[in-house]
Amino acid sequence: MNRNPVAADAMTVPEHSAAFMRAMSGGLPQVRDGFLFFAAQDWLIAIGYPLGSGLTGDGGDAPGDVAVGTFERALESVLREGGARDCWAVAPRLPAALASYRTESDAYYTLNADSPVPGRLRACVRKARERLRIEEGREFTAAHRRLWAEFLRYRELKPQARELFVKIPFALGAPGSDIRLLNAWRADGGLAACLVTDFAPAAFCAYLTGAHSRTAYAPHAADALFAVMLERAREEGKKFLHLGLGVNDGIRRFKRKWGGAPVIPYEAAFFPADAVKDAGGAGLRNPKSALRDIVFSTLLSPRENGEGMSLFGKRLPPEQRPYAMLWQLRKSGKISWIGGTAHVFCYSFASAFQKLFAGVDTVIFEGPLDAASLAAFDGHGKTRDAGTPCLLDFLEEEEIRRLERAVQGPRGKMAALLNMAAPNPVNVREILARHRPWSVFFTLYYAFLERHGWKQSVDLEAWEIAREMGRHVIGM
């Protein structure tokens, strides 16, 4: 299969950049009846913007004139031949049968490449460019990883947007990719801001995302980079800048500040592949029926953890197990017990501890487990001082991504719909950047265990039972 089946002059939206999308999604591209698709394993992404349609962003053909029926027939054809189960589609207008599955409506913002810097920004941009060293590059450095971790720490982003940040380093080196970084460096070497752009399309430059720093702050650094992006686009003969979706009020204000306007409609849908009937052109079956199938298969699927859930969501108590890692010591007619622990486990030993503690008067633990001591221990681990190494700087991007996959588990819309996504996944990059090394290990390892149902603290359970039973409790 052709790795880049789309000619540069046929690209009209950022999703037509096949090398970029392949790096982002991991799917293989294919063109069917003038539409681009990406498929892998059991999923499919359908791009409902026709290739070479003339949607230039500067007064080209009206998106509403797109042959929606042609896209629907192409989608059905690809689904009949493939093994997809879960599908995503984006289009200027979704087929009527997909309306019930629509998850998002927005518009792509564009800006003519010959647009000048707005008058109220000219002085700010000029001063910022005088103070900063601006460069274009393709290397994702340790400084970029720190900027990404900082930016994601204080920004509330949708899962798709966070995923975009995570996968940018892979898109930079993807075969056929023309992803570039515009960097603004301070005199002290701090990375103040970075814009990520895609120059692969012939007609436009796509502004993919960007980040600016609070710790290495420089006024109007992002505006200076935006001005440079406009200059680069003109130098390479681009007709316009593709600024992406409006997303939220803050992003829309930034794009409008530069003169960007919502030009190309955007709709997105997520739907099960079996919603499309096998008979070609027969259309989609009842969306309520398809959704019902997904919901019931989720409710009735077994859960692989020690803390069960009933059909109606009521949490069940953890299963009790005997406490077997126990040794008896006898000396001078007295009996003592030494117990081993896995610290975190998927079962409870409450009943066993109650029986054991009934025959003792003193219980000794490795350390104090009261709330104040635990808070102090936790706080110390989360406050890395200047002399302690930052583990984020010692890991390659692929290693970080492997950690995220292991610790956070499945993510995205499909994982959330099927109740597979962790409700509050830890921020792996933030932990690597801020915690002391020993705290990084324990925090990530315990988060991994908790995601697999190992939520019982053996030590804390024993501590609380011993105190409730009035035993003399000592923390060494």
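Because the structure is predicted, anything quoted here is derived from the model rather than measured. (Residues numbered from 1 in each chain as written. Predicted model: local features only at pLDDT ≥ 70, side-chain atom pairs only at ≥ 80, totals over all residues. Heavy atoms only, no water.)

### Digging into the environment of Phe 448
Reasoning step 1: Tracing the sequence through the fold places Phe 448 in helix H14 (residues 437-451).
Reasoning step 2: On a C-alpha basis, the gap between Phe 448 and Ala 406 in space is 6.8 Å, while along the polypeptide they are 42 residues apart.
Reasoning step 3: Not counting residues within four places of it along the chain, the set of residues in contact with Phe 448 comprises Ala 406 and Val 407. (Helix = DSSP H or I, 4+ residues; strand = E, 2+ residues; numbered from the N terminus. Contact = heavy atoms within 4.5 Å.)

### Some remarks on the side chain of Ser 115
Reasoning step 1: Within the secondary structure, Ser 115 is located in the loop between strand E5 (102-112) and helix H3 (119-131).
Reasoning step 2: Those residues in contact with Ser 115, other than ones at most four positions away along the chain, are Leu 230 and Arg 234.

### Some words on helix H5 (residues 159-172)
Reasoning step 1: When the terminal C-alpha atoms of H5 are compared, their 21 Å separation across 14 residues agrees well with the 20 Å that a helix rising 1.5 Å per residue should span.
Reasoning step 2: When the local axis directions of H5 are compared, the greatest deviation, roughly 40 degrees, occurs at Val 166, which is followed within four positions by the proline Pro 169.
Reasoning step 3: Along H5, the residues that are buried comprise Leu 164, Phe 165, Val 166, Lys 167, Ile 168, Pro 169, Ala 171 and Leu 172. (Expected span 1.5 Å × (residues − 1). Bend = angle between axes of the 7 residues up to and from the residue. Buried < 20%, exposed > 50% of the residue type's maximum accessible area, 1.4 Å probe, protein only.)

### What about the packing of helix H4 (residues 142-153) against H5?
Reasoning step 1: Two elements in contact, H4 and H5, have axes whose closest approach is 11 Å; the angle formed by their N-to-C orientations is 175 degrees. Viewed along their axes, H4 and H5 adopt a mutual orientation that is roughly antiparallel. The residues of H5 that touch H4, namely those facing Trp 148, Phe 151 and Leu 152, are Arg 162, Phe 165 and Ile 168.
Reasoning step 2: Grouping the constituent residues of the contact of H4 with H5 by class yields five nonpolar, no polar and one charged. (Axes fitted to C-alpha atoms, helices over the stretch in contact; angles between N-to-C directions. Parallel < 35°, antiparallel > 145°, perpendicular 65-115°, else oblique. Nonpolar A, V, L, I, M, F, W, Y, C, P; charged D, E, K, R; others polar.)

### Focus: a nonpolar patch on the surface
Reasoning step 1: Together, Phe 377, Trp 438, Phe 441, Phe 442, Tyr 445, Tyr 446 and Phe 448 make up an exposed nonpolar region whose accessible area comes to about 680 Å².
Reasoning step 2: If one sorts the elements of the nonpolar patch by residue count, H14 sits on top with six residues. (Patch = residues over 30% accessible without salt bridge, like charges linked within 9 Å, V, L, I, M, F, W, Y side chains within 5 Å. Areas by Shrake-Rupley, 256 points an atom, 1.4 Å probe, with all protein chains shown as cover. Salt bridge = Lys/Arg side-chain N within 4 Å of Asp/Glu carboxyl O.)

### Quick look at helix H1 (residues 18-25)
Reasoning step 1: Within H1, the full set of buried residues consists of Ala 18, Ala 19, Phe 20, Met 21 and Met 24.
Reasoning step 2: In the stretch just after H1, Gly 26 is the one whose phi turns positive, near 80 degrees.

### With respect to the packing of aromatic side chains
Reasoning step 1: Counted by the stated rule, this structure contains 22 aromatic pairs.
Reasoning step 2: Feature note: the residues Phe 140, Trp 148, Phe 151 and Phe 165 constitute an aromatic cluster, connected by ring pairs. (Phe/Tyr/Trp six-rings, centres within 6.5 Å; stacked < 30°, edge-to-face > 60°.)

### Notes on the confidence of the model for the protein
Reasoning step 1: In the predicted model, the protein carries a mean pLDDT of 82, and the fraction of residues at 70 or more is 84%.
Reasoning step 2: Low pLDDT, under 50, characterises residues 56-65; the stretch is placed with 18 contacts to residues that sit more than four places away or in other chains.
Reasoning step 3: Every residue in residues 277-316 is under pLDDT 50, and counting partners more than four places away or in other chains gives 55 contacts. (pLDDT = per-residue confidence, 0-100.)

### What about the sheet that holds strand E9 (residues 204-212)?
Reasoning step 1: The strand order across the open sheet formed by 11 strands is E1-E2-E3-E4-E11-E5-E10-E9-E8-E7-E6, and the pairing between neighbours is mixed. The sheet terminates laterally at strand E1 (28-32) and strand E6 (133-137), the two strands that pair on one side only. Each strand of the sheet is rotated relative to its neighbour by a mean of 25 degrees, with strand direction disregarded.
Reasoning step 2: Where helix H2 (residues 68-81) meets the sheet, its contacts fall on E1, strand E2 (35-40), strand E3 (43-47), strand E4 (86-91) and strand E11 (261-272), and the angle it forms with E2 comes to roughly 25 degrees. (Pairing = 2+ DSSP bridges.)

### Digging into the nonpolar core
Reasoning step 1: Counting 43 residues, the largest nonpolar core has Phe 20, Ile 47, Tyr 49, Trp 148 and Ile 168 as its most contacted members.
Reasoning step 2: Val 125, Leu 182, Ala 224 and Leu 225 belong to the second-largest nonpolar core, a separate cluster that totals 29 residues. (Core = buried A, V, L, I, M, F, W, Y, C linked by side-chain atoms within 4.5 Å.)

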